[in-house]
Structure formats: C-alpha cells, structure tokens
Amino acid sequence: MGTDKQSVGLLDTLNMETVRTILTHTYPYPHEHSRHAVIAVVVGCLFFISSDNLHTLIQKLDNNIKWWSMYGCLLGFFYFFSSPFIGKTIKPSYSNFSRWYIAWILIAALYHLPSFQSMGVDMRMNLSLFLTIYVSSILFLLVFHIIFLGLWYVGLVARVAGKRPEILTIFQNCAVLSIACCVFYSHCGNRAILRDKPLERRYSGWFALWKKEERNTWLAKFLRVNELKDQVCSSWFAPVGSATDYPLLSKWVIYGELACNGSCAEPSNGISPIYSLWATFIGLYIANYVVERSTGWALTHPQSVKEIEEVKKKQMKPEFLDMVPWYSGTSADLFKTVFDLLVSVTVFVGRFDMRMMQQVGPWKLLLGPTILRFDDDSYGFNTVERKKVYYAPLYVLTKFSSFFLALIHQAAMTKDDLLYDQFSEKDDLWFDFMADTGDGGNSSYSVARLLAQPSIQIRNSDSVLTLPRGDLLLIGGDLAYPNPSEFNYERRLFRPFEYALQPPPWYKEEHIAVNKPELPSGVNELKQYDGPQCFLIPGNHDWFDGLQTFMRYICHKSWLGGWFMPQKKSYFALQLPKKWWVFGLDLALHCDIDVYQFKFFSELIKEKCILFVLLVQLSSVTSFQVGEDDSVIIVTHEPGWLLDWYWNDVTGKNISYLIRDHLKGRCKLRMAGDLHHYMRHSYVPSDKPVYVQHLLVNGCGGAFLHPTHVFGNFNKLYGTAYESKAAYPSFEDSSRIALGNILKFRKKNWQFDFIGGIIYFVLAFSMFPQCKLDHILQDDTFSGHLRSFFTTVWDAFMNMLGYSFVSSAGAMLLLVAAITFVPSKVSRKRRAIIGILHVSAHLAAALILMLLLELGVETCIRHKLLATSGYHTLYQWYRSVESEHFPDPTGLRARIEQWTYGLYPACIKYLMSAFDVPEVMAVTRSNICKNGMHSLSRGGAIIYYASVFLYFWVFSTPVVSLVFGSYLYICINWLHIHFDEAFSSLRIANYKSFTRFHINSTGDLEVFTLAVDKVPKEWKLDPDWDGEPKQSQQPNHLREYPSKWRAASYQQDPVNTVRIVDHFVIEQTQNSDLGIING
C-alpha cells in the first residue's frame, strides 16, 4: 500500500501538466526573463558609474549653460512623454514600444551633445557596438528559432515547443543583450587579458574584503571602488583561455585588443571579452528556451502538486477590462461606435423602430388579412378589412364561445409579454436600481458584488443596519460601452455579474430562450420562483445597433449571472405589493416613448376598461389596472428633467403627457441613469399641483463618473419647484475632481498621442525648416533672446497665413472642428470665441515647439556637432576604428560579408543611418537652407519630414494633452460646458452606487442609496467562496458567499467600505393625498 502511494505521488510530481505549470509567468515567456535582464543591466550601469571618482566627474562637467539647458529640455520632454508608461510591466504593446522609441531618439540626440565628450565618454563606439551586436543577435536567434521549429515539425523535439516565439520578443531580448555588452565595454573595454598568474589568485583581492583582519580597510576599499571595478573586468568577466586553447573556434571568434605601449610584437591571441559575454548570453537564452519548450520545465526548483495548486489560486485574477478609452486615437471599437451611431440616427430612427416591431397590441388581434377590434360603445367586435367594417354583436360569443375565448386568452398572453405581477401578493419587497454598467470591470463588479450579497450590513451611528438582497433588480440602460457588440455584452456586462452571482448549473451560455419565462425545474409559475429577478431597459448605447444585441442577450436569454430574466420586450410594467407600480420605458434615441408604448401605459391607467371586464368574466384572467390610490415609479434611461434644463430644450412630450394627464399625481418617483452620478431633487411644498414628488438620478453602476456641480442650479419641472436633497459626489468634490484634466489627461488618455501629435505636426509642417535664426542666437541678454524668439514665432504665424498650404488648411479645419466641438447650448458668438481661443492656444504651442526644435538643430550645426560629413557619418567612423579595437586576424568579418553577399554590412550601415536621426535631419536641413526645397527629391523630402516628425511628436504630445486638458478644465468649472467630455477623459472608476428600495408592510417606500468611494483595482479568489460546500443542483443565490472574487486588501473590499449617502421615505398614497418624509 505504501509503495503504491509513493509511486502515485512520484507520477503526479512528474506529470506533464504539472511540469508545464511549475513556473507560472505573469506574461508569456520570455517577458519575465527580459525584465530580469533589464534589472541586471540597470544594476550593472549603476555599479560601473559609481565606480568612477566623483571628484574627477565634477571636474569634467561642461560649464556652458546652453548645453545643459538643452539637456534639461530634452530630458524634460522625454520624461513627460514617457511618464504614462512608468511602472507598467514590459510587454509587447504601445507602452513597450514607447520605451524603446524614447531610448532610441533620446540617445541619438544626446550622443551628439558635447558634455558627454567633455567627461571622457565617447558614445559613438557604444552606439556602433550596440547596433552591430543587435543585428548579429537578431540574425543568430532567427536562425536558431527556424531550426528549432523545423525540429519540432519533424518530431525531434516535444510538442510543448509548438508555440511560435513572438518576433517582438526576440527583438526585445536582443536589445537587452546588446545593451549589457555595451555597458561592459564602456567600463571594461575590449582588452585581451594576459594570464601569467595562477587562476586562484584572481579572487584574492575580492575575498580580502571579507577577512576579519582587513575589515578596517573597508572604507579605503570603498573610496577606491574603481580598483574593484578593474578586478571585476579582469577576473569575473574575462574570457576563459585564449583562442589557441580552442583550435576549432579560432577562426570563428573576435579577438581582444592588446594593451601594450607602442606596437605589439604579436597579434592578439586572447578572445574578446565582449564576444565571450555575448556568446554566454546567447547560450543561456538558447539553453533556457530549449529546456522550457522541450519539457515544460523552467530553470527553477520544482514544486509539489499541492503547492502548485495553492500558487495558482493565489495568482488567479479576474479577467476584467479597463475603462473605455474615450479619447483613444487607435481604438477600432470607438470608430465602430461612431459609425453605428450615424447609421442608427440617419437610417433607422423614425424608419425601422424595434419598439414598433415588438408591438403586438393586446387590443388588436391580427387574423390573416382581417383585424378583430373591440367596440367599446356597442360591447361587440368589429372586423376591419380594407375599408369595410363588419359588425359582430356580443351574442356571437354564445355561438362561437370557444373561438372568442381563445382570442381573449391570446390577448391576455400578449399582455403578459409586457405586464408582470409576480411580486404583487408579497407582504413587503426589497428591490434595487442601478444604471450605466458595463464599462470597467473593476467598477461594474464592485456594484454587482454588493447587489449579490444576501444582505449588506452598514454601521449607522451606534447601530448596525441590515439591508437584505433585493428580490428584483432594475437596470436603467447603457448595459455595455462603447457600443452594444457581442464582445462588450459578454465581457463588460455578463462576466462581472456572473462573477458576482453565478448562474445555475444547468445554464448554457449559447442557449436561446424561445418561450420565456423558462422557469427552473420544479417551479410551475413565476410567482413560485424565490430567487432574484432582473428587468432591464435599453439606453442610448444599446440602441446604436438598432437594439439587435439587446434583444438577443436580454429578451432571448434567461439569466444575467444568478438573476433570472423573465423579460420579453424592451419595456414593461411591474405590479408591486401595496399598490406600487414600476413603469420601465424605452426611450430609444428619440428621448421619448413611441405611440405604442404610450397606448399601452395609458390604457393601463384608464379608469374603466370593458375588455378587462370580459377577460375577468370569461377567462378568469387577473385584472391589471392602476388604481386611483396606487403609486407609480417611472424608470427611464435619460433624466429628461436635468438634460432639458441643461440644454434649454424640451423632450419627452409623450412622457410628460402620460404623467400629467393620465397619472395625475400618482407618479411618486422618476428614476433614470445616463448621467453617471447620484442626484435627488424633491418638490418644494406649494399650492401648485405636484405631478412627481421625487426626481432621482443614479447612473453610478460602473461607467465613468459625471460631475454634479454642473447641474446644481436645477429647480423646476412642470411648473413645480424642486430643491437638491442629495448629490454624490458633492458639488465641491465634483469641482475638485475636474482639476485632473490638467494634471492627468495624458496619463489617462495616452492613446490620444496619435491624434494630438499628428495635429501639431500638420500645424507646423509648412514652417520647417527655419533657416534664418541668427538674430535669436546673437542677442546678449536673456530678455533679448525672449523678444527675438516670440517675434520669430509671430512672423512664422503670419507666414503660415500668407504662404503655406498644409499648415493653413490644417489650422482652418481645426478651427471648424473646435467651434463645432463647443456644445450647442452656447450662443454662436460665444462658440466662435471659445473655438478661436482654443485653436490659438494649440497653434501657439505648435509654433513654439517648432522653433525650439529648429534652434536646437541650428545650435548643434553651428558648433559642428551635426551635418559634418553626411548621412553615414556613424558607420564611416566605426569602420575606421573597428580593426583597432576589435582585431580580426582570421578575416571572420570578410567571410561573413562574402557569405551574405554584402547584406550583413549593408544592414549595419543603414541601421546606423536610421538610428542617427539628428544627423539625417541636420544634413537634409542644411541642404534645404543652401539650395532651397526644390533641390530635394520626393524621397528626400519624405526622409526629412519623417526625421522631424520623430522628434516633434515627442515634444508635442505632452503639450497638446496639457492644452486640451486645460481647455476642458476651464470649460467644466468656469463655463459649465463639456460635462461629458471633461469627465469621460478622466475615466474615473470610483464613486459607484446603487439604490435599494423597501416596500414595507404599511405600504411606505424606504429608499437607501449605497455608495463605494474607492473601487479596488486588485482582486483575489475569495477563500470563503472557494471553501463553501457546493451542491450540484443548489441555486447560487442560496449561498452564503455568492461572489467569486474579493478585494486583495480586505479593508478595501466594497462589502466593508459601502456606506449610505442618501435615505428618505415616500409614504403610500392615502385618498390621493401626497405625503413625504425626509430621512
């Protein structure tokens, strides 16, 4: 028995699946290795830099302030460009591309400046060496990967190797490897080490640091740390042996440079330490790749199966999407949203309305070519065909009772598609309302997790208030952003809710509900189901595709996570206990209900309905009718009362007519979303009629935050005065949050670089190059420099208006776009003024950046740091010193050039030219200034403007974000416009809330609004959920811990941080009297 157990454990340990998951990478191989290599290179740089004598470095500093000011400008612009990506994990993405892009053009600019040369650092050799090693490494690794994939294809290596390596990963590893070799060369050189001492003596100096008798010399050793550096270079990283020790490799290596005074008697015989280091790195990469891809084993210590499972659980994280980047210039999803919106507005609105297609009226039954209509005056049925009317008196029912009874049942069944009464017989009811979910996964799941809890306990002063989970969940539209695609519905809506409360075990994601409600087994009617239910109305974002996705995922599916969805149409009426009703209205893109909805709800409110009498008498169908003492809650997506006041418009005329002329004061509460904040306005008692007591907006279900201070002055609806009772966030906090547009716009919207950089380049395009800058450089005073500088900016602006084509056309298009961008609530004159000021700020910034770039290039040209020889300056210099520093007595380089038909040196040559962007820009600029723009060929013009763009883009992107963010801040806080644009840019996931209602035994409606100030960003598997016993057929809403994930920090979990931000009570109507109690 013991032997069997032991053997099973051994097999488990050696199981292939276990072996493959021994080291779980945060990102796929080999990004983790790249990050470790980067860390090692950075540590090595710091060590070697600190090893130089600080006093010597200070003596070598250049005292010319203009060069150091140029350094400051360069480093400042490059820092602000790369700041959004600092701290992010290195992986193939725009973030990673920006890192390498910044490193490329920053180093290409810095190595031309004189201060490094004054400190004794010649970066030309390091750059040349880096590019040479980089090309060699890429070619070598590409050949290796091709051979390895070929071996996998023929079956000589294991199937684990089948995953192809990413080409960007190879480039990244080669770059890190090349940087490491260059760091070593810059501090250790390529000297061949002559070994005339025993090997064991090499470490005596280093280990002397640890001897007790020499501890008193540590300070002296530290002050002479450069001696330690020499020991590291000559001992640790020196190649083992010489070329004569490896006869087979003697013709395939690069040799080291001999350190001897005068001419050396013999050629170098020692292997180059650079070559040795490169070969070591390449060998380690290949070894690790082969071992891991062939067997699944990484170079790490294996763990047991139990330890692996524990590690996997700790590393498990939910697959949440980020907040939608509304200012992304590269998002195909946003372009699709704009296209769908244009198509929906111009084609479908008013022509193909899904609400009309859903309408199967309860009063009209289509029977082939005829329509049977009930006549209220004669208590009979009229058959309408074309223009003829055939009367069917009531006594016909006695002769064809079964036929007409079936028609009446069909009418009742049709009405069941819109009207639900499963909650009407309860003694009390808890239900929830949320809206505008389906944006960021963290925020949507935070709200869904609170909704799913069996109860929420909130400490209120000295007591603890327990709020049970709602039996009903109302969602007020905008279920997924930015458009209602299948991907967004599944990932942004369904996934957070399924994590919060899982669907039943028999649920299938691909299932289509044809005959709703599809009740669970053992439940005969909807009233018997005791689990939470959900009803939803569509928002404007759900209508972008004509409501197709909403119909497929809401009206033809039965489960939203663990919430049961009996809903069949996009609008509905719910009869609740104690004479309470909920009307869920579908506004589509019209901001109003259509005539079919109006007919349905208005006839539901009618005082007398003859057909209902027949239904009750003949078929025992329950009578659905809003009584005189009943109370109604109207749910819409858009808060028309706030938006009409803000835009000075009048919308929702059908809704207003329904409320004022049909409900006549029975509407106690209007709820809406669309605005992603919480606000409640209550009526001010007066002698005027009150059609709606409370107006409530709560769109904090998961989408980005909207401001509240913009709507603080709303005070009237239907002639009744209202006052603000609650706002979340507060008006002061809302105004303070808007400041983030200045400080965080680019950090939140770095995808805007693509648009902003191109706009600025177009504005300054015709101004390149500026050849006459002598007057700026020749002024003696700082004020003179500034005066000449801004005079040149103004001259460039006038020149652009008078002579340029591209820049002036770009400026005019930008002006039209800026004026159009200003909201229509502003007068035309103010819109023009705001647009002109906005464009003027951008144009001035673009011209200033253009002139700064031109001044930098002109200064370097005047000091002969640029444009000294030609496009291939760096390559020509490297070839002149290559044989001296990297001896090649066996002719290896010549053989490689012959074998590659000259491709290898050509690649290095043109790569060096492409790398040296400032030299290319300066040489072409000098040619233009001497011979004119016409002297350039089309290819030369493309090369020049491309080289300018590479630097101008880095300079302009932080500035355009700063100017645009400042514009949004001024508009939202001073002018109270752009409330949507100014806060969607911030992508704030915090300040989330939902509203919980309770119809108590006395018929009063208690209202609690629960909020979470800070949404967690990190989640982990909830051990309580994982450890709770699971029964195969048990509904998940009966679980004590229904949610799968909890916050990584227990104190930040929404269950522990939720609080009440508003509480009030609406009294039940008694004899048509209105009553209100404010909590």
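Residues numbered from 1 in each chain as written. Predicted model: local features only at pLDDT ≥ 70, side-chain atom pairs only at ≥ 80, totals over all residues. Heavy atoms only, no water.

### Details of the sheet that holds strand E16 (residues 667-672)
Pairing within the open sheet is mixed, and its 9 strands lie in the order E5-E13-E14-E15-E16-E18-E17-E20-E19. Among the strands making up the open sheet, the edge pair consists of strand E5 (419-420) and strand E19 (716-717). Bridge count for strand E17 (residues 678-683) against strand E20 (residues 720-728) is 6 bridges, and the pairing is antiparallel. The partner of tyrosine 678 across the bridge, within E20, is tyrosine 728. Strand contacts of helix H22 (residues 595-605): E5, strand E13 (572-576) and strand E14 (580-584), with the helix running at about 170° to E14, the strand carrying the most contacts. Of the strands in this sheet, E14, strand E15 (631-635), E16 and strand E18 (692-698) touch helix H25 (residues 653-663), which is tilted by about 165° from E16. (Pairing = 2+ DSSP bridges. Helix = DSSP H or I, 4+ residues; strand = E, 2+ residues; numbered from the N terminus. Contact = heavy atoms within 4.5 Å. Axes fitted to C-alpha atoms, helices over the stretch in contact; angles between N-to-C directions.)

### Notes on the pairing of E15
The buried fraction of E15 amounts to 5 of the 5 residues, a majority that puts the element mostly inside the structure. In E15, alternate side chains face the same way, and those of Ser631, Ile633 and Val635 on one face and Val632 and Ile634 on the other are all buried. One ladder, built from 4 bridges, connects E15 with E16; its direction is parallel. Among the inter-strand pairings, valine 632 is bridged to a residue of E16, identified as cysteine 667. (Buried < 20%, exposed > 50% of the residue type's maximum accessible area, 1.4 Å probe, protein only.)

### Digging into the side chain of serine 178
By secondary structure assignment, the location of serine 178 is in helix H9 (residues 167-188). By relative accessible area, which is 0% here, serine 178 ends up buried. Separated by 3.3 Å, the side chain of serine 178 and the backbone nitrogen of tyrosine 134 make a polar contact. When residues no more than four places from it in sequence are discounted, the contact partners of serine 178 are Phe130, Ile133, Tyr134 and Ser137. (Polar contact = N/O pair within 3.5 Å; in protein donor to acceptor, adjacent residues only side chain to side chain.)

### A few points about the pattern of salt bridges
Side chains bearing opposite charge may pair, as long as their charged atoms lie close to each other. The tally for this structure, following the rule as stated, stands at 21 salt bridges. Glutamate 723 is the salt-bridge partner of lysine 725, the closest N and O atoms lying 3.0 Å from each other. Here lysine 725 falls in the partly exposed class, since its relative accessible area comes to 34%. The shortest N-O distance in the salt bridge between aspartate 753 and arginine 746 comes to 2.7 Å. A single burial state applies to aspartate 753 and to arginine 746, both of which are buried. Salt bridges sharing common partners tie together Asp774, Glu854, Glu858, Arg862 and Arg925. (Salt bridge = Lys/Arg side-chain N within 4 Å of Asp/Glu carboxyl O.)

### Observations concerning the side chain of serine 984
Here serine 984 is to be found in helix H38 (residues 979-984). A polar contact is formed between the side chain of serine 984 and the backbone oxygen of glutamate 981, at a distance of 3.3 Å. Discounting residues that sit within four places of it in the chain, serine 984 has contacts with Trp326, Tyr327 and Phe704.

### Brief notes about helix H28 (residues 753-764)
For H28, which comprises 12 residues, the first-to-last C-alpha distance of 16 Å matches the rise-based estimate of 16 Å (1.5 Å per residue) to within 8%. Along H28, the residues that are buried comprise Asp753, Gly756, Gly757, Tyr760, Phe761, Leu763 and Ala764. Seen from one end, H28 has its buried residues packed into an arc of 160°, which puts them on one side. (Expected span 1.5 Å × (residues − 1). Arc of directions from axis to C-beta.)

### Description of the packing of H28 against helix H37 (residues 938-975)
Axes are the key here: two packed helices are described by the angle between their axes and the distance separating the axes. Remark: H28 packs on H37, axes separated minimally by 7 Å, with the N-to-C direction vectors making an angle of 115°. When the axes of H28 and H37 are compared, the crossing they make is right-handed. The residues of H37 that touch H28, namely those facing Asp753, Gly756, Gly757, Tyr760, Phe761 and Ala764, are Tyr945, Val948, Phe949, Phe952, Trp953, Ser956, Thr957, Val959, Val960 and Val963. Looking at the contact of H28 with H37, its residues break down into 11 nonpolar, 4 polar and 1 charged. (Left-handed = near helix turned anticlockwise from the far one by under 90°. Nonpolar A, V, L, I, M, F, W, Y, C, P; charged D, E, K, R; others polar.)

### Quick look at the packing of H22 against H25
The geometry of H22 relative to H25 is characterised by a closest axis approach of 11 Å and an angle of 10° between their N-to-C directions. On the basis of the axis angle, H22 is roughly parallel to H25. Of the residues in H25, those in contact with Phe598, Phe601, Ser602 and Ile605 of H22 are Asn654, Tyr657, Leu658, His662 and Leu663. Of the residues contributing to the contact of H22 with H25, the split by class is 6 nonpolar, 3 polar and no charged. (Parallel < 35°, antiparallel > 145°, perpendicular 65-115°, else oblique.)

### Thoughts on H22
Most of H22 sits out of view: 8 of its 11 residues are buried. Along H22, the residues classified as buried are Gln597, Phe598, Phe600, Phe601, Ser602, Glu603, Leu604 and Ile605.

### Brief notes about the nonpolar core
In terms of nonpolar packing, the biggest core is built from 201 residues, with Phe431, Leu474, Leu576, Phe583 and Tyr760 touching the most fellow members. Residue contributions to this core peak at 19 residues, all from H37. Setting aside residues no more than four positions away along its own chain, leucine 474 makes contact with Phe431, Asp432, Phe433, Met434, Phe535, Phe572, Leu574, Val582, Val635 and Met671. Ranked by size, the runner-up nonpolar core spans 46 residues in total, among them Leu479, Leu493, Phe550 and Trp1045. (Core = buried A, V, L, I, M, F, W, Y, C linked by side-chain atoms within 4.5 Å.)

### Examining the packing of aromatic side chains
Under the criterion given, the structure shown has 58 aromatic pairs. Judged by centre distance (5.4 Å) and plane angle (40°), the rings of phenylalanine 320 and tyrosine 445 are tilted. Placement of phenylalanine 320 in the loop between helix H14 (305-315) and helix H15 (332-348) and of tyrosine 445 in helix H19 (residues 441-452) is noted, with a sequence separation of 125 residues between them. Taken as a pair, phenylalanine 320 and tyrosine 445 share a single burial class, namely buried. Taking 4.9 Å as the distance between ring centres and 90° as the angle between the ring planes, the aromatic pair formed by tyrosine 646 and tryptophan 647 counts as edge-to-face. In textbook terms, an aromatic cluster arises when at least three aromatic residues are bridged by ring pairs, as seen for Tyr101, Trp104, Phe761, Phe765, Phe768, Tyr944, Tyr945, Phe949, Phe952 and Trp953. (Phe/Tyr/Trp six-rings, centres within 6.5 Å; stacked < 30°, edge-to-face > 60°.)

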